[in-house]
Amino acid sequence: MEEVDVEPSTTVTKHLGFEWGPGDLLVYETNYKLQGPRSASSPSVHVVRRDEDICSPILRKLFNESHLIFVGLQKIKEDVPSKNKKSQFVSISKNYRSVIRACMEELQQNAGKPSQYGDQVSILLAIELIWNLCEVLFIDAAPAGSLLLHLLDWVRLHKSDVDTRAREVLQSDSPAQHQSYWDVPAGTQTLTEFDVKWRHWHEECDRCLQDNTFASNRHLETICKILVGDEDTLLEQRELLSTWYHFLVTRLLFTHPTIKPPDLHYYAQSSMNMFLGPRASPEPLDIILLSAFEFDLHQVIKDCSIALNNWWFVAHLTDLLDHCKLLQSHNLQCVSHIRSSYLSYMHVCVSLWQLAVDYFDHCPEFGRVYLELQIERVPLDTERKAIKVLRICEDRQMSEQVRSICKIMAKRALRNNRLGSALSWSIRAKDAAFATLISERFLQDYSNKGFFTDLDLLDNLGPAMLLSDRLTFLGKYREFHRLYGEKRFSEAARLLLSLMTAKIAPRSLWMTLLTDALPLLEQKEVIFSVDQTYELMSCLEDCFSSVFQDEDIESTKTELLRLALARNLAMAIVKEGTIET
């Protein structure tokens with residue numbers, strides 16, 4: 001937060017504070033008295049700017065496609081020699097620019113619709129212009145000789161009508177007679193051929209001017225002056241040049257075609273001053289381009305951060321320059337911070353949250369913290385989305401966020417009476433208390449309906465059932481029903497008895513468990529042994545004395561159990577006695 005004083009007075013001081021948020025500038029006013037009680041009035045907070053354009057479908061394409069390029073850039077191995085990586089970096093830079101240009105063209109096609117796309121097109125034009133120049137000067141690092149050729153391509157690319165007009169000239173019946181012939185002369189000769197021809201032209205044109213050879217024809221004389229790089233004559237062609245950097249490249253073409261990179265800053269500064277004149281002030285874009293021509297990367301990044309309305313360009317260009325080892329000499333320690341600042345801006349649009357993860361993963365200083373904060377803000381609208389977020393957290397060992405997400409989804413599922421989903425989420429959260437609560441709901445639901453739901457989940461709990469005693473009982477009790485349904489009566493009987501004797505079954509269900517034993521006691525074959533029958537009798541007495549002593553018990557059910565147990569005991573004694581004999 002920064003504060004600036006406004007309207008100072010002797011009794012009350014008013015302050016305006018402001019802070020950049022994601023897509024907004026928040027301004028707040030604070031009032032307090034230097035003497036006496038504090039003012040009871042509440043400060044006001046105002047949203048000065050809200051940038052909603054980043055959520056447009058077209059710009060989302062820009063974010064999605066540039067994200068793929070970013071991820072690919074991070075995979076370039078550090079141990080590869082720098083010389084071998086240069087071509088890769090140049091290719092990546094061109095990929096970024098192609099994405100920008102494609103987005104820009106699509107925005108231009110939609111410019112007729114009521115929107116702010118016109119402003120976005122202007123911004124993207126400036127971004128592509130700056131990026132292309134940085135590619136030429138820093139990433140590709142064109143040497144003396146070929147530097148001007150790269151700058152010529154740079155100007156031609158951003159002077160969109162040049163190619164169109166050149167095509168019209170070449171396709172005409174008589175190109176030399178076309179009205180735009182002299183506005184677009186072009187050639188495909190090599191650098192050496194060009195240098196030789198240029199020197200010859202320069203000397204010949206200078207001689208012709210000195211001899212007044214073309215004094216009778218002012219057009220030919222103007223051409224000669226252009227070829228020798230006469231600055232006044234070039235400036236007279238402002239309508240063809242349109243910008244000072246176009247003037248700069250034209251000036252270099254006819255005066256210093258083999259310019260070396262260190263000499264660029266002098267020509268850039270003087271060209272801007274000459275073209276704009278003493279009365280005009282340079283625009284922010286002019287200042288940024290001039291800083292690039294001065295090879296001041298720090299200033300380029302700083303000015304772009306201030307002048308442009310988003311962090312997309314600054315973050316991606318800075319990241320690429322950092323991979324090229326171009327920021328180390330500038331002692332820039334802000335690469336991670338700039339990338340994170342861009343992410344904070346980008347995620348005004350909630351649908352972009354998944355892109356953030358890869359960026360945060362490559363922010364060594366603040367990435368983990370920012371990712372944790374971002375995860376907390378992602379709305380868990382659906383289970384599918386929640387699972388996506390959960391996997392991201394699990395892959396990064398973010399245990400606290402994993403538990404939080406699972407608890408949120410478990411509670412939501414429980415409110416909607418989706419017990420299976422609620423139990424699944426509580427298990428993933430390793431929340432024993434909540435798993436116990438949901439297990440109770442499962443058992444209550446079973447008591448009301450007489451059957452279990454979500455059998456796929458209950459039949460495959462595995463070790464997860466050990467999370468709580470109640471969940472263990474639920475899983476084992478369901479296993480008893482499964483064994484009984486498969487007519488594996490002996491296994492079912494042992495499991496049912498263990499549930500009662502291990503004291504993990506809730507006492508409210510003891511009578512239910514004993515009732516479940518009735519069909520097994522009434523089988524023709526003896527299922528329960530003598531010892532097991534005695535244990536069941538003991539459980540029945542404990543159940544009767546502790547649970548039902550104050551309740552009206554169905555005597556019929558109790559008597560049935562006692563008769564069944566007595567009959568089974570007799571049969572078991574006979575069977576075991578016969579076996580011993």
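Residues numbered from 1 in each chain as written. Predicted model: local features only at pLDDT ≥ 70, side-chain atom pairs only at ≥ 80, totals over all residues. Heavy atoms only, no water.

Some points on the overall build of the protein
Assigned secondary structure in the protein consists of 27 helices and 4 strands. Burial statistics for the protein: of 581 residues in total, 43% are counted as buried. Here the analysis covers contacts within the protein between residues at least 6 apart in sequence; of these, 59% occur between residues at least 24 apart. Per element, the accessible surface of the protein, about 31700 Å² overall, is 51% carbon and sulfur. (Helix = DSSP H or I, 4+ residues; strand = E, 2+ residues; numbered from the N terminus. Buried < 20%, exposed > 50% of the residue type's maximum accessible area, 1.4 Å probe, protein only. Contact = heavy atoms within 4.5 Å. Areas by Shrake-Rupley, 256 points an atom, 1.4 Å probe, with all protein chains shown as cover.)

Concerning unusual backbone geometry
The residue Ser242 is not glycine, and still its phi comes out positive at about 70 degrees. On the secondary structure map, Ser242 appears in the loop between α9 (238-241) and α10 (244-255). Classification of Ser242 as partly exposed rests on a relative accessible area of 41%. Phi at Phe295 is positive, roughly 60 degrees, even though this residue is not glycine. Residue placement: Phe295 occurs in the loop between α12 (284-293) and α13 (297-307). Residue class for Phe295 comes out partly exposed when judged on its relative accessible area of 28%.

Some points on the pattern of salt bridges
Here the structure, examined in full by the defined rule, presents 20 salt bridges. We note a salt bridge from Glu479 to Lys476, for which the minimum N-O separation is 3.5 Å. With Glu479 and Lys476 both in helix α23 (residues 469-485), this residue pair falls 3 residues apart, about one helical turn. Residues joined by salt bridges that share partners form a network here, namely Arg97, Arg101, Glu128 and Glu135. (Salt bridge = Lys/Arg side-chain N within 4 Å of Asp/Glu carboxyl O.)

Quick word on the confidence of the model for the protein
When the pLDDT values of the protein are averaged, the result is 78; 76% of them are 70 or greater. Model confidence for the protein, summarised as mean pLDDT per element, is weakest for strand β1 (residues 2-6) at 35 and strongest for α12 at 93. Confidence drops under a pLDDT of 50 for residues 30-40, and excluding neighbours within four residues, the segment shows 17 contacts in the predicted structure. (pLDDT = per-residue confidence, 0-100.)

What to know about helix α24 (residues 489-501)
Counted at 1.5 Å a residue, the expected span for α24 with its 13 residues is 18 Å, and the 18 Å between its end C-alpha atoms agrees. Phi turns positive one or two residues past the end of α24, at Lys503, with a value near 60 degrees. (Expected span 1.5 Å × (residues − 1).)

Remarks on the nonpolar core
Considering soluble globular proteins, one finds that nonpolar side chains tend to be buried as a cluster. Among the nonpolar cores identified, the biggest contains 76 residues, and Leu151, Trp154, Trp244, Phe293 and Phe313 are the most heavily contacted of them. At 13 residues, helix α3 (residues 117-139) tops the list of elements feeding residues into this core. Ranked by size, the runner-up nonpolar core spans 70 residues in total, among them Val378, Ile392, Ala422 and Phe452. (Core = buried A, V, L, I, M, F, W, Y, C linked by side-chain atoms within 4.5 Å.)

Examining the packing of α23 against helix α25 (residues 510-521)
Orientation of α23 relative to α25, taken along the N-to-C sense of each, is 15 degrees, at an axis distance of 12 Å. Here α23 lies roughly parallel to α25, going by the angle between them. You can see that α23 and α25 cross each other, and the crossing is left-handed. Together, Phe473, Tyr477, Phe480, His481 and Tyr484 of α23 and Thr512, Leu513, Asp516, Pro519 and Leu520 of α25 make up the contact between the two elements. Taken together, the residues of the contact of α23 with α25 sort by class into 7 nonpolar, 2 polar and 1 charged. (Axes fitted to C-alpha atoms, helices over the stretch in contact; angles between N-to-C directions. Parallel < 35°, antiparallel > 145°, perpendicular 65-115°, else oblique. Left-handed = near helix turned anticlockwise from the far one by under 90°. Nonpolar A, V, L, I, M, F, W, Y, C, P; charged D, E, K, R; others polar.)

Some remarks on the side chain of Asn132
In this fold, Asn132 is placed in helix α3. With relative accessibility at 4%, the residue Asn132 sits in the buried group.

Focus: the side chain of Ser439
When you line up the elements, Ser439 lands in helix α21 (residues 432-449). Given a relative accessible area of 0%, Ser439 falls into the buried group.

Structural notes on the state of the cysteines
Scanning all chains against the criterion turns up 0 disulfides. Take Cys134: it sits in no disulfide, and the sulfur closest to it among the cysteines is that of Cys304, at 6.9 Å. Overall, the relative accessible area of 0% leaves Cys134 in the buried class. (Disulfide = S-S within 2.5 Å.)

Quick notes on the packing of α13 against helix α14 (residues 312-323)
At their nearest, the axes of α13 and α14 sit 9 Å apart, and the two run at 160 degrees to each other. As far as their axial angle goes, α14 and α13 are roughly antiparallel. The two elements α13 and α14 cross, and the hand of that crossing is left-handed. Across the interface between the two elements, Leu297, Ile301, Cys304 and Ser305 from α13 touch Phe313, Val314, Thr318 and Leu321 from α14. Taken together, the residues of the contact of α13 with α14 break down into 6 nonpolar, 2 polar and no charged.

Observations concerning the environment of Gly72
Among the secondary structure elements, Gly72 is positioned in helix α1 (residues 57-74). The spacing of Gly72 and Ile92 is 20 residues in sequence and 8.6 Å in space, taken between C-alpha atoms.

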